[in-house]
Amino acid sequence: MYDPTRLAALVAVAEAGSITRAAARLGYTAPALSQQLAKLERETGTALLVRHHRGARLTAAGELLLVRARRVLDELDQARHELSRLAGLSGGRLRVGTFMTAGTHLLPPALSAFRRAHPDVELSVTEYVPPGGTEALAVGEVDLALTHEYVPGEALPLPDGVRLEALLTEELVLVTAPGHALSAGSGRLPLAELAGQPLVSMAPADPNRRAVEVALAAAGASVAVRCESPGYAVVCALVSAGLGVAVVPEMMATGSVTPLGIRHLEPPELRRRISVAYRSGGGTPAADTLRALLRGAFARNPARSGPTP
(Lines give C-alpha, C1' and ligand atoms only; values in the text may rest on other atoms or scores of the structure.)
Protein backbone atom coordinates (compact mmCIF):
# COMPACT_ATOMS: atom_id res chain seq x y z
CA MET A 1 0.00 0.00 0.00
CA TYR A 2 1.33 3.43 -0.91
CA ASP A 3 2.11 5.91 1.86
CA PRO A 4 -0.48 8.76 1.84
CA THR A 5 2.27 11.27 2.69
CA ARG A 6 4.08 10.31 -0.51
CA LEU A 7 0.88 10.47 -2.51
CA ALA A 8 0.30 13.98 -1.15
CA ALA A 9 3.84 14.89 -2.26
CA LEU A 10 3.06 13.73 -5.79
CA VAL A 11 -0.14 15.79 -5.86
CA ALA A 12 1.72 18.86 -4.59
CA VAL A 13 4.39 18.60 -7.30
CA ALA A 14 1.73 18.15 -9.98
CA GLU A 15 -0.07 21.31 -8.81
CA ALA A 16 3.02 23.43 -8.11
CA GLY A 17 5.02 22.38 -11.19
CA SER A 18 8.28 21.97 -9.31
CA ILE A 19 9.72 20.13 -6.33
CA THR A 20 11.00 23.37 -4.78
CA ARG A 21 7.59 25.10 -4.88
CA ALA A 22 5.82 21.95 -3.69
CA ALA A 23 8.25 21.62 -0.77
CA ALA A 24 7.57 25.23 0.27
CA ARG A 25 3.83 24.55 0.09
CA LEU A 26 4.09 21.45 2.30
CA GLY A 27 6.65 22.82 4.73
CA TYR A 28 9.44 20.42 3.69
CA THR A 29 12.91 21.08 2.37
CA ALA A 30 13.33 20.25 -1.32
CA PRO A 31 15.76 17.35 -0.58
CA ALA A 32 13.33 15.84 1.94
CA LEU A 33 10.47 16.00 -0.54
CA SER A 34 12.68 14.48 -3.25
CA GLN A 35 13.38 11.56 -0.91
CA GLN A 36 9.64 10.99 -0.42
CA LEU A 37 9.10 10.99 -4.18
CA ALA A 38 12.04 8.65 -4.76
CA LYS A 39 10.56 6.20 -2.23
CA LEU A 40 7.22 6.39 -4.00
CA GLU A 41 8.91 5.63 -7.32
CA ARG A 42 10.58 2.61 -5.73
CA GLU A 43 7.22 1.46 -4.36
CA THR A 44 5.56 1.76 -7.76
CA GLY A 45 8.54 0.37 -9.66
CA THR A 46 8.41 3.12 -12.29
CA ALA A 47 9.42 6.73 -12.92
CA LEU A 48 6.72 9.19 -11.91
CA LEU A 49 8.48 12.51 -12.58
CA VAL A 50 10.67 14.06 -15.23
CA ARG A 51 12.83 16.89 -13.89
CA HIS A 52 13.76 19.78 -16.18
CA HIS A 53 15.33 23.24 -15.85
CA ARG A 54 11.99 24.92 -15.07
CA GLY A 55 10.73 22.37 -12.56
CA ALA A 56 9.20 18.91 -12.92
CA ARG A 57 6.37 17.25 -14.80
CA LEU A 58 4.62 13.93 -14.34
CA THR A 59 5.24 10.97 -16.59
CA ALA A 60 2.31 9.00 -18.00
CA ALA A 61 2.59 6.69 -14.98
CA GLY A 62 2.66 9.70 -12.69
CA GLU A 63 -0.49 11.15 -14.26
CA LEU A 64 -2.26 7.82 -13.83
CA LEU A 65 -1.28 7.59 -10.17
CA LEU A 66 -2.19 11.27 -9.63
CA VAL A 67 -5.86 10.58 -10.37
CA ARG A 68 -5.94 7.74 -7.85
CA ALA A 69 -3.90 9.67 -5.30
CA ARG A 70 -6.39 12.53 -5.27
CA ARG A 71 -9.23 10.09 -4.72
CA VAL A 72 -7.38 8.38 -1.87
CA LEU A 73 -6.55 11.70 -0.18
CA ASP A 74 -10.13 12.91 -0.57
CA GLU A 75 -11.42 9.72 1.05
CA LEU A 76 -8.94 10.05 3.92
CA ASP A 77 -9.98 13.68 4.42
CA GLN A 78 -13.61 12.61 4.54
CA ALA A 79 -12.82 9.84 7.00
CA ARG A 80 -10.98 12.26 9.30
CA HIS A 81 -13.90 14.65 9.14
CA GLU A 82 -16.45 11.93 9.92
CA LEU A 83 -14.36 10.53 12.78
CA SER A 84 -14.06 14.01 14.26
CA ARG A 85 -17.83 14.33 14.11
CA LEU A 86 -18.16 10.90 15.71
CA ALA A 87 -15.81 11.99 18.49
CA GLY A 88 -18.35 14.62 19.36
CA LEU A 89 -16.35 17.85 19.56
CA SER A 90 -18.89 18.72 22.19
CA GLY A 91 -16.84 21.42 23.86
CA GLY A 92 -13.56 23.25 23.87
CA ARG A 93 -12.42 26.20 21.82
CA LEU A 94 -11.15 26.73 18.27
CA ARG A 95 -8.94 29.78 17.69
CA VAL A 96 -8.46 30.77 14.06
CA GLY A 97 -6.03 33.28 12.58
CA THR A 98 -6.78 34.93 9.26
CA PHE A 99 -5.93 37.90 7.06
CA MET A 100 -8.55 40.38 5.89
CA THR A 101 -9.45 38.94 2.45
CA ALA A 102 -9.72 35.36 3.68
CA GLY A 103 -11.60 36.46 6.77
CA THR A 104 -14.14 38.24 4.57
CA HIS A 105 -14.54 35.84 1.64
CA LEU A 106 -13.26 32.35 2.52
CA LEU A 107 -13.50 31.70 6.24
CA PRO A 108 -17.18 32.52 7.00
CA PRO A 109 -18.76 29.66 4.95
CA ALA A 110 -16.34 27.12 6.45
CA LEU A 111 -16.95 28.36 10.00
CA SER A 112 -20.70 28.32 9.36
CA ALA A 113 -20.51 24.65 8.31
CA PHE A 114 -18.32 23.91 11.35
CA ARG A 115 -20.81 25.62 13.67
CA ARG A 116 -23.73 23.63 12.29
CA ALA A 117 -21.88 20.35 12.94
CA HIS A 118 -20.33 21.34 16.29
CA PRO A 119 -22.44 24.04 17.96
CA ASP A 120 -20.83 23.57 21.38
CA VAL A 121 -17.29 24.52 20.28
CA GLU A 122 -16.41 28.11 21.15
CA LEU A 123 -14.98 30.01 18.16
CA SER A 124 -12.63 32.99 18.04
CA VAL A 125 -11.11 34.70 14.99
CA THR A 126 -8.08 37.01 15.06
CA GLU A 127 -6.79 39.01 12.11
CA TYR A 128 -3.07 39.06 11.25
CA VAL A 129 -1.03 40.59 8.46
CA PRO A 130 0.87 37.65 6.86
CA PRO A 131 3.13 36.10 7.96
CA GLY A 132 1.83 37.06 11.40
CA GLY A 133 -0.69 34.21 11.41
CA THR A 134 1.94 31.49 11.03
CA GLU A 135 4.00 33.05 13.81
CA ALA A 136 0.94 33.15 16.08
CA LEU A 137 0.31 29.47 15.29
CA ALA A 138 3.90 28.56 16.15
CA VAL A 139 3.67 30.13 19.62
CA GLY A 140 0.22 28.70 20.36
CA GLU A 141 -1.90 31.84 20.06
CA VAL A 142 -4.16 30.19 17.45
CA ASP A 143 -4.95 26.60 16.44
CA LEU A 144 -5.09 27.19 12.68
CA ALA A 145 -4.25 30.13 10.42
CA LEU A 146 -5.01 31.32 6.91
CA THR A 147 -2.10 33.05 5.23
CA HIS A 148 -0.85 33.98 1.77
CA GLU A 149 2.26 34.49 -0.35
CA TYR A 150 2.87 36.09 -3.74
CA VAL A 151 4.01 34.18 -6.83
CA PRO A 152 6.51 35.01 -8.15
CA GLY A 153 8.03 36.27 -4.95
CA GLU A 154 10.43 35.47 -2.17
CA ALA A 155 9.25 32.51 -0.10
CA LEU A 156 9.35 33.36 3.60
CA PRO A 157 10.70 30.65 5.94
CA LEU A 158 8.08 28.92 8.06
CA PRO A 159 8.43 28.76 11.84
CA ASP A 160 9.47 25.40 13.24
CA GLY A 161 6.59 22.95 13.52
CA VAL A 162 4.34 24.78 11.03
CA ARG A 163 3.29 23.51 7.61
CA LEU A 164 1.24 25.01 4.79
CA GLU A 165 -1.47 23.44 2.67
CA ALA A 166 -2.42 25.47 -0.41
CA LEU A 167 -6.13 26.16 -0.79
CA LEU A 168 -6.36 28.32 -3.91
CA THR A 169 -4.42 30.68 -6.14
CA GLU A 170 -5.87 33.91 -7.48
CA GLU A 171 -4.63 36.33 -10.11
CA LEU A 172 -3.65 39.92 -9.46
CA VAL A 173 -5.68 42.26 -11.67
CA LEU A 174 -5.61 45.90 -12.70
CA VAL A 175 -8.13 48.19 -11.02
CA THR A 176 -8.99 51.65 -12.26
CA ALA A 177 -11.58 54.34 -11.65
CA PRO A 178 -14.86 53.57 -13.46
CA GLY A 179 -14.70 54.65 -17.09
CA HIS A 180 -10.88 54.76 -17.21
CA ALA A 181 -9.50 54.05 -20.69
CA LEU A 182 -7.50 51.02 -19.47
CA SER A 183 -10.62 49.31 -18.15
CA ALA A 184 -12.25 49.21 -21.60
CA GLY A 185 -12.19 45.90 -23.48
CA SER A 186 -12.79 42.31 -22.47
CA GLY A 187 -9.38 40.82 -23.31
CA ARG A 188 -6.26 40.80 -21.21
CA LEU A 189 -4.28 44.03 -20.99
CA PRO A 190 -0.52 43.75 -21.72
CA LEU A 191 1.55 44.91 -18.76
CA ALA A 192 3.44 47.27 -21.08
CA GLU A 193 0.22 49.33 -21.43
CA LEU A 194 0.67 50.49 -17.83
CA ALA A 195 3.73 52.56 -18.82
CA GLY A 196 3.43 56.11 -17.54
CA GLN A 197 0.40 55.42 -15.36
CA PRO A 198 0.31 56.82 -11.80
CA LEU A 199 0.27 53.84 -9.44
CA VAL A 200 -1.45 53.50 -6.08
CA SER A 201 0.45 50.85 -4.15
CA MET A 202 1.28 49.29 -0.83
CA ALA A 203 4.24 50.19 1.39
CA PRO A 204 7.72 49.80 -0.19
CA ALA A 205 8.54 46.61 1.78
CA ASP A 206 5.27 44.85 0.90
CA PRO A 207 5.91 41.62 -1.09
CA ASN A 208 3.09 42.41 -3.52
CA ARG A 209 4.51 45.82 -4.35
CA ARG A 210 7.95 44.34 -5.00
CA ALA A 211 6.52 41.60 -7.23
CA VAL A 212 4.39 44.08 -9.20
CA GLU A 213 7.27 46.50 -9.74
CA VAL A 214 9.60 43.71 -10.92
CA ALA A 215 6.98 42.44 -13.38
CA LEU A 216 6.27 45.93 -14.72
CA ALA A 217 9.98 46.65 -15.16
CA ALA A 218 10.45 43.37 -17.05
CA ALA A 219 7.59 44.38 -19.38
CA GLY A 220 9.19 47.78 -20.02
CA ALA A 221 6.45 49.66 -18.19
CA SER A 222 7.88 52.53 -16.21
CA VAL A 223 5.38 53.69 -13.58
CA ALA A 224 5.52 56.14 -10.71
CA VAL A 225 3.98 55.36 -7.32
CA ARG A 226 1.95 58.46 -6.55
CA CYS A 227 0.18 57.24 -3.43
CA GLU A 228 0.87 54.58 -0.81
CA SER A 229 -1.48 52.81 1.59
CA PRO A 230 -0.97 49.92 4.05
CA GLY A 231 -4.19 48.10 3.02
CA TYR A 232 -5.88 46.92 -0.16
CA ALA A 233 -9.29 48.29 0.84
CA VAL A 234 -7.88 51.82 1.02
CA VAL A 235 -5.87 51.26 -2.19
CA CYS A 236 -9.10 50.35 -4.01
CA ALA A 237 -10.91 53.36 -2.56
CA LEU A 238 -8.13 55.70 -3.69
CA VAL A 239 -8.18 54.20 -7.16
CA SER A 240 -11.96 54.57 -7.33
CA ALA A 241 -11.52 58.25 -6.49
CA GLY A 242 -9.20 58.71 -9.48
CA LEU A 243 -5.82 58.97 -7.76
CA GLY A 244 -4.24 56.35 -10.04
CA VAL A 245 -4.40 52.67 -10.98
CA ALA A 246 -3.37 49.63 -8.93
CA VAL A 247 -2.65 45.92 -9.23
CA VAL A 248 -4.45 43.96 -6.50
CA PRO A 249 -5.69 40.39 -5.81
CA GLU A 250 -8.87 39.57 -7.74
CA MET A 251 -10.94 38.91 -4.61
CA MET A 252 -10.13 42.39 -3.32
CA ALA A 253 -11.12 43.93 -6.66
CA THR A 254 -14.43 42.10 -7.03
CA GLY A 255 -15.31 42.58 -3.36
CA SER A 256 -14.49 46.29 -3.20
CA VAL A 257 -17.15 48.49 -1.64
CA THR A 258 -16.18 51.32 -4.00
CA PRO A 259 -16.85 51.11 -7.78
CA LEU A 260 -13.89 50.01 -9.89
CA GLY A 261 -12.95 49.11 -13.42
CA ILE A 262 -11.27 45.67 -13.50
CA ARG A 263 -9.00 44.24 -16.19
CA HIS A 264 -7.04 40.97 -16.30
CA LEU A 265 -3.40 41.30 -17.25
CA GLU A 266 -1.12 39.65 -19.80
CA PRO A 267 0.96 37.74 -18.98
CA PRO A 268 -1.10 36.39 -16.04
CA GLU A 269 2.01 35.66 -13.98
CA LEU A 270 1.23 37.74 -10.90
CA ARG A 271 -0.69 35.59 -8.40
CA ARG A 272 -1.43 35.21 -4.73
CA ARG A 273 -1.48 31.73 -3.18
CA ILE A 274 -3.73 31.34 -0.14
CA SER A 275 -2.90 28.51 2.28
CA VAL A 276 -3.99 27.12 5.62
CA ALA A 277 -1.17 26.82 8.17
CA TYR A 278 -1.29 24.00 10.67
CA ARG A 279 0.96 22.29 13.23
CA SER A 280 3.02 19.49 11.73
CA GLY A 281 2.66 17.36 14.86
CA GLY A 282 -1.11 17.25 14.53
CA GLY A 283 -3.75 19.71 15.63
CA THR A 284 -6.79 19.48 17.84
CA PRO A 285 -9.84 17.59 16.49
CA ALA A 286 -11.57 20.94 15.99
CA ALA A 287 -8.64 22.39 14.01
CA ASP A 288 -8.34 19.25 11.90
CA THR A 289 -12.06 19.34 11.15
CA LEU A 290 -12.00 22.97 10.04
CA ARG A 291 -8.93 22.30 7.88
CA ALA A 292 -10.80 19.43 6.21
CA LEU A 293 -13.75 21.74 5.55
CA LEU A 294 -11.47 24.37 4.01
CA ARG A 295 -9.69 21.74 1.94
CA GLY A 296 -12.94 20.27 0.71
CA ALA A 297 -14.22 23.69 -0.31
CA PHE A 298 -11.13 25.04 -2.03
CA ALA A 299 -8.07 22.81 -2.29
CA ARG A 300 -9.35 20.42 -4.97
CA ASN A 301 -10.11 23.42 -7.19
CA PRO A 302 -7.02 25.46 -6.39
CA ALA A 303 -6.81 28.00 -9.23
CA ARG A 304 -8.90 31.10 -9.72
CA SER A 305 -7.99 32.70 -13.00
CA GLY A 306 -9.49 35.27 -15.29
CA PRO A 307 -10.88 34.81 -18.78
CA THR A 308 -8.67 34.41 -21.79
CA PRO A 309 -9.07 36.91 -24.63
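Because the structure is a prediction, the values reported are computed rather than measured. (Residues numbered from 1 in each chain as written. Predicted model: local features only at pLDDT ≥ 70, side-chain atom pairs only at ≥ 80, totals over all residues. Heavy atoms only, no water.)

Colleague: In this structure, what is going on with the overall build of the protein chain? I would like to understand it.
Modeller: If you tally the helices and strands in the protein chain, you get 11 helices and 14 strands. The C-alpha radius of gyration computed for the protein chain amounts to 21 Å, which stays within 12% of the reference 19 Å derived for 309 residues, consistent with globular compactness. Its C-alpha atoms put the protein chain at 60 × 50 × 35 Å along the principal axes. The buried share of the protein chain, reckoned over its 309 residues, is 45%. Across the protein chain, contacts joining residues at least 24 apart in sequence account for 76% of those joining residues at least 6 apart. (Helix = DSSP H or I, 4+ residues; strand = E, 2+ residues; numbered from the N terminus. Rg over C-alpha atoms; globule rule 2.2 N^0.38 Å. Buried < 20%, exposed > 50% of the residue type's maximum accessible area, 1.4 Å probe, protein only. Contact = heavy atoms within 4.5 Å.)

Colleague: What should I look at first to understand empty space enclosed by the protein in this one?
Modeller: Empty pockets left among the atoms are what a rolling probe the size of a water molecule brings to light. Counted under the stated rule, the structure contains 1 cavity of 30 Å³ or more. Of all the secondary-structure elements, those providing two or more residues to the lining of the largest cavity are β8 (198-201), α8 (207-218), α9 (232-240) and β10 (246-249). Its residues assigned to classes, the lining of the largest cavity comprises 9 nonpolar, 2 polar and no charged. (1 Å grid on protein atoms, 1.4 Å probe; cavity = no way out; pocket = protein on both sides within 12 Å on 5 of 7 lines; lining within 4 Å. Points joined across faces, edges and corners; volume = space filled by probe spheres on them. Nonpolar A, V, L, I, M, F, W, Y, C, P; charged D, E, K, R; others polar.)

Colleague: Can you walk me through the packing of aromatic side chains in this structure?
Modeller: By convention here, two paired aromatic rings are described through the distance between centres and the angle between planes. Evaluated as defined, the whole model comprises 0 aromatic pairs. For the cation-ring pair, R291 lies above Y278, with the distance from its terminal atom to the ring centre recorded as 3.7 Å. (Phe/Tyr/Trp six-rings, centres within 6.5 Å; stacked < 30°, edge-to-face > 60°. Lys NZ or Arg CZ within 6 Å of the ring centre and 35° of its normal.)

Colleague: How do you make sense of the packing of helix α2 (residues 19-26) against helix α3 (residues 30-44) when you look at a structure like this?
Modeller: Each pair of packed helices can be summarised by the angle the axes make with each other and by the distance between the axes. The interhelical angle for the contact between α2 and α3, taken along N-to-C directions, is 100°, at an axis separation of 9 Å. Taken together, the axes of α2 and α3 are roughly perpendicular relative to one another. For the pair formed by α2 and α3, the contact residues are I19, T20, A22, A23 and L26 on the first element and A30, L33, S34 and L37 on the second. Residues belonging to the contact of α2 with α3 are distributed by class as follows: 7 nonpolar, 2 polar and no charged. (Axes fitted to C-alpha atoms, helices over the stretch in contact; angles between N-to-C directions. Parallel < 35°, antiparallel > 145°, perpendicular 65-115°, else oblique.)

Colleague: Looking at this structure, I do not really get the pattern of salt bridges. What am I missing?
Modeller: If charged atoms from side chains of opposite charge come close, those side chains can pair. The final tally for this structure, using the stated rule, is 11 salt bridges. Across the pair R70 and E15 runs a salt bridge, and its minimum N-O distance is 3.3 Å. Taken together, the residues span a long stretch of sequence, with R70 in helix α4 (residues 60-87) and E15 in helix α1 (residues 4-16) at a distance of 55 residues. The exposure class of R70 is partly exposed, given its relative accessible area of 30%. On the accessibility criterion, E15 (29% relative accessible area) is partly exposed. Of the charged contacts in the structure, one is a salt bridge between E165 and R291, with a shortest N-O distance of 2.8 Å. Of this pair, E165 sits in strand β6 (residues 162-176) while R291 sits in helix α11 (residues 285-299); the two residues are 126 residues apart in sequence, bridging distant segments of the chain. The exposure class assigned to E165 is buried, which follows from its relative accessible area of 15%. (Salt bridge = Lys/Arg side-chain N within 4 Å of Asp/Glu carboxyl O.)

Colleague: Before we go on, may I ask you to explain the nonpolar core in this structure?
Modeller: The biggest cluster of nonpolar side chains holds 32 residues, and the ones touching the most others in it are L174, V175, L194, V247 and V248. For this core, the element with the most residues is α9, which contributes 5 residues. With residues near it in sequence (within four places) discarded, L174 still touches L182, L189, L194, V245, A246, V247, G261, I262, R263 and L265. Core analysis: the second largest hydrophobic core is formed by 23 residues, F99, L167, M251 and A287 among them. (Core = buried A, V, L, I, M, F, W, Y, C linked by side-chain atoms within 4.5 Å.)

Colleague: Would you take a moment to explain the environment of R163 for this structure?
Modeller: Looking at where R163 falls in the secondary structure, it is placed in strand β6. Spatially, the C-alpha atom of R163 lies 13 Å from that of A12, the residues being 151 residues apart in sequence. If near-sequence neighbours (up to four positions away) are discounted, R163 is found in contact with L26, G27, Y28, L158, V276, A277, Y278 and S280.

Colleague: I keep staring at the pairing of strand β1 (residues 49-52) and nothing clicks. Help me out?
Modeller: If a strand is regular, its side chains alternate between the two faces of the sheet. Inspection of the sheet shows β1 paired to strand β2 (residues 55-58) by 4 bridges, in the antiparallel sense. Along β2, the bridge assignment pairs V50 with R57. Where β1 hands over to β2, the hairpin turn is made up of 2 residues, counted between the paired strands. (Pairing = 2+ DSSP bridges.)

Colleague: Any chance you could explain the packing of α1 against α2 here in plain terms?
Modeller: Viewed as axis vectors pointing N to C, α1 and α2 meet at an angle of 120°, and their least axial separation amounts to 8 Å. Here α1 is positioned oblique relative to α2, judged by the angle of their axes. Between α1 and α2 lies a crossing whose hand is right-handed. Here A8, A9, A12, V13, E15 and A16 of α1 lie close against α2, whose contacting residues are I19, R21, A22, R25 and L26. (Left-handed = near helix turned anticlockwise from the far one by under 90°.)

Colleague: I'm lost on α1 in this one. Help?
Modeller: Two residues of an α-helix separated by three or four positions point the same way, owing to the 3.6 residues in each turn. Between its first and last C-alpha, α1 extends 18 Å over 13 residues, near the 18 Å set by a 1.5 Å rise per residue. By the burial criterion, the buried members of α1 are R6, L7, A9, L10, V11, A12, V13 and A16. One side-chain oxygen at the N-terminal end of α1 lies 2.8 Å from the backbone nitrogen of T5; it belongs to D3. (Expected span 1.5 Å × (residues − 1). Polar contact = N/O pair within 3.5 Å; in protein donor to acceptor, adjacent residues only side chain to side chain.)

Colleague: How should the side chain of H148 be read in this particular structure?
Modeller: Turning to its location among the elements, H148 is positioned in strand β5 (residues 144-151). The exposure class assigned to H148 is buried, which follows from its relative accessible area of 17%.

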